[in-house]
Amino acid sequence: MSVSAIGTAQYLATEYGAKKAAQRTAGKSFAGHMDNAVQKTQMPSGTFELHLSNDIDGKVIGAGCGNDYSFTVYEPKDFDPANPVYKMKVWDKDGNVTEQSADMSKVDARNSDYLSMYAYSSYLTAMGIYSGAQSALTGANALQYGIGGFGYGNLFGRTNWMNVLQNAMQSQYSAGNLQGYMNYKGYYDTLSKINNPGWLF
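Residues numbered from 1 in each chain as written. Predicted model: local features only at pLDDT ≥ 70, side-chain atom pairs only at ≥ 80, totals over all residues. Heavy atoms only, no water.

### Quick word on the overall build of the chain
No. 1: Scanning the chain from N- to C-terminus turns up five helices and six strands.
No. 2: Seen in sequence order, the chain has helices and strands lined up from the N terminus as α-β-β-β-β-β-β-α-α-α-α.
No. 3: By the burial criterion, 49% of the 201 residues in the chain qualify as buried.
No. 4: Taking contacts inside the chain between residues at least 6 apart in sequence as the whole, the part at least 24 apart equals 47%.
No. 5: Carbon and sulfur atoms make up 50% of the accessible area of the chain, which totals about 9,800 Å². (Helix = DSSP H or I, 4+ residues; strand = E, 2+ residues; numbered from the N terminus. Buried < 20%, exposed > 50% of the residue type's maximum accessible area, 1.4 Å probe, protein only. Contact = heavy atoms within 4.5 Å. Areas by Shrake-Rupley, 256 points an atom, 1.4 Å probe, with all protein chains shown as cover.)

Here it is as structure tokens:
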């Protein structure tokens, strides 16, 4: 097994499951404007719920969960590419929900919380700028914290994600995993280009 697989399977499988569920529910109306379409996801610590597309929040762009949280990133129904704001909702282990939004043109990869950076990675993926952005971020984050080390409290702290990606690149290089190294490097290079004024926005 390569190092790229350690600690990342639960995050990537969750994203995959959320995307497949979102595809299954796309185009279906929810009777009575149901607040949430929910998918149960089995995690090592128990069963968690991923809250998917609904009539209120908009289209799901990404979702994930950990030992004591789940979150969903939405592209609002009134989304304006000239003012690209995404909405994020987080559920703690008791089902309490927290909402926040982030302007994708203002996310700083060198000083961002995980939710905003995940939303930004989802945005870059949706816009076709870097298709592996979500996986690179979740993989690098999992390598940083190890199995089960990342929890609800870590979602909101600011981090320099460029450093996190550099560390992930180094760990893959040291392990001789060239493919893993190139995946992280591709995202790192994309973010470096975006930080040049006028490259993306």
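### Here we look at the sheet that holds strand E6 (residues 97–103)
No. 1: Pairing within the open sheet is antiparallel, and its four strands lie in the order E3-E4-E5-E6. Looking at the sheet topology across the chains shown, the edges are occupied by strand E3 (59–65) and E6. For this sheet the average axis-to-axis angle between neighbouring strands, irrespective of direction, equals 20°.
No. 2: Pairing of strand E4 (residues 69–75) with strand E5 (residues 85–92), which is carried by six bridges, proceeds in the antiparallel orientation. (Pairing = 2+ DSSP bridges. Axes fitted to C-alpha atoms, helices over the stretch in contact; angles between N-to-C directions.)

### Quick word on the nonpolar core
No. 1: Of all hydrophobic cores here, the largest spans 39 residues; its most connected members are Met-117, Tyr-120, Tyr-187 and Leu-191.
No. 2: At eight residues, helix H2 (residues 114–126) tops the list of elements feeding residues into this core.
No. 3: Once residues within four sequence positions are removed from consideration, Met-117 is found in contact with Val-107, Ala-109, Ser-112, Leu-137, Trp-161, Tyr-187 and Leu-191. (Core = buried A, V, L, I, M, F, W, Y, C linked by side-chain atoms within 4.5 Å.)

### Topic: the pairing of E3
No. 1: With six of seven residues buried, E3 lies mostly within the body of the structure.
No. 2: As paired elements, E3 and E4 share six bridges and run antiparallel to each other. Pairing of Cys-65 across the sheet is with Ser-70, part of E4.
No. 3: Joining the antiparallel neighbours E3 and E4 is a turn of three residues.

### Side note on the packing of aromatic side chains
Two aromatic rings, taken as a pair, are described by how far apart their centres are and by the angle between their planes.
No. 1: Taken as a whole and assessed by the stated rule, the structure comprises 13 aromatic pairs.
No. 2: Taken together, a centroid distance of 6.1 Å and an interplanar angle of 80° make the contact between Phe-71 and Tyr-114 edge-to-face. One end of the pair, Phe-71, is in strand E4; the other, Tyr-114, is in helix H2, and 43 residues separate them in sequence.
No. 3: For Phe-71, a relative accessible area of 3% corresponds to the buried category.
No. 4: With relative accessibility at 2%, the residue Tyr-114 sits in the buried group.
No. 5: Note on Tyr-152 and Phe-156: the rings are 5.3 Å apart at their centroids and 70° apart in plane angle, and the pair reads as edge-to-face.
No. 6: Of the residues examined, Phe-156 reaches a relative accessible area of 31% and is grouped as partly exposed.
No. 7: Three or more aromatic residues joined by ring pairs form one cluster here, namely Tyr-69, Phe-71, Tyr-114, Tyr-118, Tyr-145, Phe-150 and Trp-161. (Phe/Tyr/Trp six-rings, centres within 6.5 Å; stacked < 30°, edge-to-face > 60°.)

### Topic: the side chain of Asp-57
No. 1: Assignment of secondary structure puts Asp-57 in the loop between strand E2 (46–52) and E3.
No. 2: One polar contact links Asp-57 to Lys-89, side chain to side chain, over a distance of 3.0 Å. (Polar contact = N/O pair within 3.5 Å; in protein donor to acceptor, adjacent residues only side chain to side chain.)

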